Amino acid sequence: MASPTYVQIVTTVAERAQAEQIAQQLVERGLAACVQIGGPITSVYRWQGVIETSTEWQCVLKTRADLFAQVEAAIRALHPYEVPEILATPILAGHEPYLRWLDAQLIR
């Protein structure tokens, strides 16, 4: 099923507890149907001119595209980083029953 209505949003944090707090808040508020927490992962990036290597936890959440601004605001309010990663990728296709379940979990 084609479905640009839905997106996966990814963010990373330094501590598992931070990832769990973000996940819990987004699901409780109906902004995400599901948040998967993975890690620890290793991130290599340039920050303020210096190559950094950090251990992080990754949150991947499923939501509707029209909720992106609310999800972004919620993540920014909870996130400890000065410039958090908040990236959305369209879900181009999905198992129809799963997408119906996903949609039923989200606020209107």
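Model, not experiment: these values are computed from the prediction.

### Points about the packing of helix α1 (residues 16–28) against helix α2 (residues 68–78)
Here is step 1: For the pair α1 and α2, the least separation of the axes is 10 Å and the interaxial angle reads 145 degrees. Crossing of α1 against α2: the hand is right-handed. On the side of α1, the interface is formed by Gln21, Ile22, Gln25 and Leu26, while α2 contributes Val71, Ala74, Ile75 and Leu78.
Here is step 2: Residues that form the contact of α1 with α2 fall into these classes: six nonpolar, two polar and no charged.

### Things to note about the pairing of strand β2 (residues 34–47)
Here is step 1: Examined bridge by bridge, β2 and strand β3 (residues 50–64) share 12 bridges and lie antiparallel to one another. Bridged to Cys34 within β3 is Lys62.
Here is step 2: Between β2 and β3, which follow one another and run antiparallel, lie two residues, and Gln48 among them has a positive phi close to 50 degrees.

Conventions we followed
- Residues numbered from 1 in each chain as written.
- Predicted model: local features only at pLDDT ≥ 70, side-chain atom pairs only at ≥ 80, totals over all residues.
- Heavy atoms only, no water.
- Axes fitted to C-alpha atoms, helices over the stretch in contact; angles between N-to-C directions.
- Helix = DSSP H or I, 4+ residues; strand = E, 2+ residues; numbered from the N terminus.
- Left-handed = near helix turned anticlockwise from the far one by under 90°.
- Contact = heavy atoms within 4.5 Å.
- Nonpolar A, V, L, I, M, F, W, Y, C, P; charged D, E, K, R; others polar.
- Pairing = 2+ DSSP bridges.

Geometry only, nothing functional implied.
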